[in-house]
Amino acid sequence: MEKFLSRTQNPKRPLPIIGKTGSTAASNQPHAKRTRVDIDPDDVPSDPGLRRRITEYDPNDQDRVRRVYLQKGPCQPVNHNFPQTTINGRLRRFNPSWFVKYRPWLEYSIAKDAATRKGAETFTYEGFRNWKKCEKLGSHVGGPTSAHNKAREKADNLLNQKQSIQTSLSRQTDRSRLEYRTRLNASVEAIRFLLRQGLAFRGHDESLNSQNQGNFLEFLKVLSNNSNNIKDVMLKNAPENHKLTSPDIQKDIVRACAVEISNLIISELGDACFAILVDESRDMSYKEQMAIVLRYVDTGGRVVERFFGVVHHLKLVKINSGKGLNQELVLKRPGDTRWSSHYNALVNLVVMYASVVEVTETIQESAYAEKRAEATAILIQMRCFEFVFCLHLMRAVLGLTFELSQALQKREQDIVNAIELVRIAKLRLQEMRIDEWDSFLDEVSSFCTKLEIDIPKMDDRFVPQGRSRRNSQDITNLHHYRVELFYTVIDMQLQELNNRFNEANTELLLCASCFNPRDCFSTFDINKLVRLAELYSNDFSACELVMLRNQLVTYIIDMRSNIEFSSAKGITELVQRMVEKRTDGIYPLVYRLLKLILTLPIATASVERAFSAMNIVKCKLRNKMGDQWLNDCLLTYIESELFELIDNDIVIERFQNMSTRRGQL
């Protein structure tokens, strides 16, 4: 009788804390109130040991969480360095070959160093760690009526919505299923077109009386007018509560497309090494977006760079920039990531300085009050000696590194020439700092004299613009312009070059250039290549380093004696020919080292092209796009080549399994 009488807790006794891994978990407290949450598949950790238990979620969300866990797929880190554990006096660890033997369901948690079963917690919550008795994994599977097979059947039924109770109660006919598939396929086709072209989906007025309901609905009308099968089940002829045209449905379909592209990239990448290229830029709404690109070598020996997504980083202050009059030589707006565009803009401003001042004066005289005030402030700055000094200084500094910037933007990189350009840029900056102050000051003074801009005396006290002499620092103009500006800007540029191209990075790049096939492998150096392999201690063991030296001797004799290899124009082409001739299997250690070299990113051109695409997708008319919506649209727009490989049926299946749908296929 006690279990019927003790249903409530003592109010004087404090309630236990609900934790994820503690002894008083939420699963042991049936009366604890759980908050319903939205589950984002991207936020679910791949490691099963880092996920929340399903019982910790609200009961109404648990099936949805199970579906997300199952769609995530088993976590099988094949190349992970599995730790060893002492069992009965012997060191044992997880064997990655078990992934092949139990591929559909076995997964491994790196956080817990334990094996678990995909999407289930019945295989002990803490996981299986008895590596000595791996046969227990097979006995766990058991016969057709075992707990494992029953749980697996329930998981398959959960993903198959045809087996759900809601579907059984709806009693949909074959005709309604066909109509649903036709409507859904038409929506996918319309969305495919809009994503490939980077167009907006919705219109300003989507009402029935609107003359232009937006790109998505208007394209559906075109499809309907060209196909009676679509026209009979779409738009006006579709059920009012099942048209498949709502913004949520559009976003789910786009999300399904983006997920399939991501899975295709991961499948193409496989177990190969890869590099991550990251850069930041502002989008049209002045939000800082961080683009991510994966660089790797595919099975054909080709270097592949795939856009993988954007992440909102931080917010910046909005800066408005006006437009000048149409002229033969225009002021180019500098890009956020290409320093060469800043240099071009500065050069144009120096050449057109007088014209820019004249245009600004015209605006000051004839524009509205707001524009007049802005033009007046700009004129005050442009007629100041310090503005002209900084303009010429930045033009000179960026001009010294212009060739290096251009070289690093190329798709095919010549590492030796790039390192030489870095050395030359450092040398020119150092010479400018030591020897070119007087000539630089004369150039700026001559420019100011020509435009009738007042030139301060260098021995006078420096007074910042807009401040009184009483509150200014006790420094001369010479100290301000030479030390605080001239030397500081040059030193910052030198420090940036030294940080990005330090001795370790330079050594790595120079060693990598020894594989260059130019002039019959004239730069080939076995000692430098072995040194390069030593830098990758996780990829080459001590024994493999000894074998690599011997393999390199045979390799270079073979390469130089074969015109097909010695005539290659670069390392990329050399690796591709090795795969075509199947010599990658003859020299596996050399080929591994070559793939690591090709994985090294020299430039961020691919990331910057992603920003160019972002300005197309997120334009002024779409400046309120959410981060997830922007990511999905960009991924499908940039990786359009992969998007073409994904069939509509795959997208429809992914869309159908994302949540419980009213219609069934």
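Now for a quick tour of the structure.

With that out of the way, let us pick up the overall build of the protein. When its secondary structure is counted, the protein shows 29 helices and seven strands. Within the protein, buried positions represent 41% of all 665 residues. Here the protein displays about 38700 Å² of accessible surface, and carbon together with sulfur accounts for 51% of that area.

A contiguous patch of positive charge, built from R90, K132, K133 and K136, is present on the exposed surface. For K133, the position within the fold is in the loop between β4 (114-117) and α4 (135-141).

Non-glycine residue D113 carries a positive phi angle of around 50°. Following the sequence through the fold, D113 ends up in the loop between β3 (106-109) and β4. Positive phi is not limited to glycine here, since Y286 has a value of about 60°. For Y286, the position within the fold is in the loop between β5 (274-282) and β6 (287-297).

Glancing now at the pattern of salt bridges. When charged atoms on two side chains of opposite charge get close, those side chains can pair. Within the structure shown, the criterion is met by 22 salt bridges. Note that K221 is salt-bridged to E218, the shortest N-O span being 3.5 Å. With K221 and E218 both in helix α8 (residues 215-225), this residue pair falls three residues apart, about one helical turn. Exposure remark for E218: the relative accessible area of 23% places this residue in the partly exposed category.

Once that is clear, we can look at the packing of aromatic side chains. As enumerated under the stated definition, the model contains 28 aromatic pairs in all. With 6.2 Å between their ring centres and 40° between their planes, F385 and F389 make a pair best called tilted. Taken as a pair, F385 and F389 lie in helix α14 (residues 385-400) at a separation of four residues, close to a single helical turn. In this structure, F385 and F389 share a single accessibility class: buried. Grouping aromatic residues by their ring pairs yields a cluster made of F385, F389, W437, F440, F462, Y481, F486 and Y487. The positively charged end of R52 is found above the aromatic ring belonging to Y57, 4.3 Å away from the centroid. Note that K251 overlies the ring of W629, its terminal NZ or CZ placed 5.9 Å from the centroid.

Quick look at the environment of I253 now. As for its position among the elements, I253 is in helix α10 (residues 247-269). Residue I253 is classed as buried on the basis of its relative accessible area, which comes to 0%. With near-sequence residues (within four places) excluded, I253 lies in contact with L184, S187, V188, I191, V651 and F655.

Once that is clear, we can look at the packing of helix α19 (residues 503-512) against helix α21 (residues 526-535). Running from N to C, α19 and α21 cross one another at 130°; their axes reach a closest spacing of 9 Å. By the criterion of interaxial angle, the relationship of α19 to α21 is oblique. Pair α19 / α21 crosses with left-handed handedness. Here E507, L508, C511 and A512 of α19 come into contact with α21, specifically with K528, L529, R531, L532 and L535. Residue composition of the contact of α19 with α21, grouped by class: six nonpolar, no polar and three charged.

Time to look at empty space enclosed by the protein. The full count for this structure, using the stated rule, is two cavities of 30 Å³ or more. By volume, the second largest cavity amounts to about 30 Å³. Residue lining of the second largest cavity: L194, L195, G198, L199, F201, V617, R622 and C633, and that is the complete set. Split into classes, the residues belonging to the lining of the second largest cavity amount to six nonpolar, one polar and one charged.

Moving on to the side chain of D283. Counting through the fold element by element, D283 comes out in the loop between β5 and β6. Under the relative-accessibility criterion, D283 is labelled buried at 4%. Engagement of the side chain of D283 in a polar contact is seen with the backbone nitrogen of K287, the distance being 2.9 Å. Reaching out from D283, the side chain makes a polar contact with the side chain of Q289 at a distance of 2.9 Å.

This next bit is on the nonpolar core. The biggest cluster of nonpolar side chains holds 51 residues, and the ones touching the most others in it are F201, F216, L220, I253, F307 and L634. It is α10 that provides the largest number of residues to this core, a total of nine residues. Counting residues in each nonpolar core, the second largest holds 42 residues, with V422, M432, C448 and I453 among its members.

A cluster of nonpolar residues, F274, I276 and V278, forms a patch on the protein surface that exposes about 270 Å² of accessible area. Within the secondary structure, F274 sits in strand β5. On the accessibility criterion, F274 (42% relative accessible area) is partly exposed.

Quick look at the pairing of β6 now. In terms of residue burial, β6 counts as a mostly covered element, since nine of its 11 residues are buried. One ladder, built from nine bridges, connects β5 with β6; its direction is antiparallel. Bridging across to β6, L277 finds its partner in V293. As consecutive antiparallel partners, β5 and β6 are separated by four residues, and within that stretch Y286 has a phi angle of approximately 60°, a positive value.

Let us look at the side chain of Q213. Its location among the elements puts Q213 in the loop between α7 (174-197) and α8. A distance of 2.7 Å separates a polar atom in the side chain of Q213 from the backbone oxygen of S207. Within the structure, Q213 has its side chain in polar contact with the side chain of K221 (distance 2.9 Å). Sequence-distant contacts of Q213, that is, excluding residues within four places in its chain, are made with G203, D205, E206, S207, L208, E218 and K221.

A few words now on helix α25 (residues 588-599). Three or four residues apart is the spacing at which side chains of an α-helix point the same way, because the helix has 3.6 residues per turn. Across its 12 residues, α25 extends 16 Å between first and last C-alpha, which sits within 8% of the 16 Å expected from 1.5 Å per residue. Of all 12 residues that make up α25, nine are buried, and the element is covered over most of its length. Every buried residue of α25 is accounted for by L589, V590, Y591, L593, L594, L596, I597, L598 and T599.

About the thresholds
- Residues numbered from 1 in each chain as written.
- Predicted model: local features only at pLDDT ≥ 70, side-chain atom pairs only at ≥ 80, totals over all residues.
- Heavy atoms only, no water.
- Helix = DSSP H or I, 4+ residues; strand = E, 2+ residues; numbered from the N terminus.
- Buried < 20%, exposed > 50% of the residue type's maximum accessible area, 1.4 Å probe, protein only.
- Areas by Shrake-Rupley, 256 points an atom, 1.4 Å probe, with all protein chains shown as cover.
- Patch = residues over 30% accessible without salt bridge, like charges linked within 9 Å, V, L, I, M, F, W, Y side chains within 5 Å.
- Salt bridge = Lys/Arg side-chain N within 4 Å of Asp/Glu carboxyl O.
- Lys, Arg positive; Asp, Glu negative; His and termini not counted.
- Charge placed at Lys NZ, Arg CZ, Asp CG, Glu CD.
- Phe/Tyr/Trp six-rings, centres within 6.5 Å; stacked < 30°, edge-to-face > 60°.
- Lys NZ or Arg CZ within 6 Å of the ring centre and 35° of its normal.
- Contact = heavy atoms within 4.5 Å.
- Axes fitted to C-alpha atoms, helices over the stretch in contact; angles between N-to-C directions.
- Parallel < 35°, antiparallel > 145°, perpendicular 65-115°, else oblique.
- Left-handed = near helix turned anticlockwise from the far one by under 90°.
- Nonpolar A, V, L, I, M, F, W, Y, C, P; charged D, E, K, R; others polar.
- 1 Å grid on protein atoms, 1.4 Å probe; cavity = no way out; pocket = protein on both sides within 12 Å on 5 of 7 lines; lining within 4 Å.
- Points joined across faces, edges and corners; volume = space filled by probe spheres on them.
- Polar contact = N/O pair within 3.5 Å; in protein donor to acceptor, adjacent residues only side chain to side chain.
- Core = buried A, V, L, I, M, F, W, Y, C linked by side-chain atoms within 4.5 Å.
- Pairing = 2+ DSSP bridges.
- Expected span 1.5 Å × (residues − 1).

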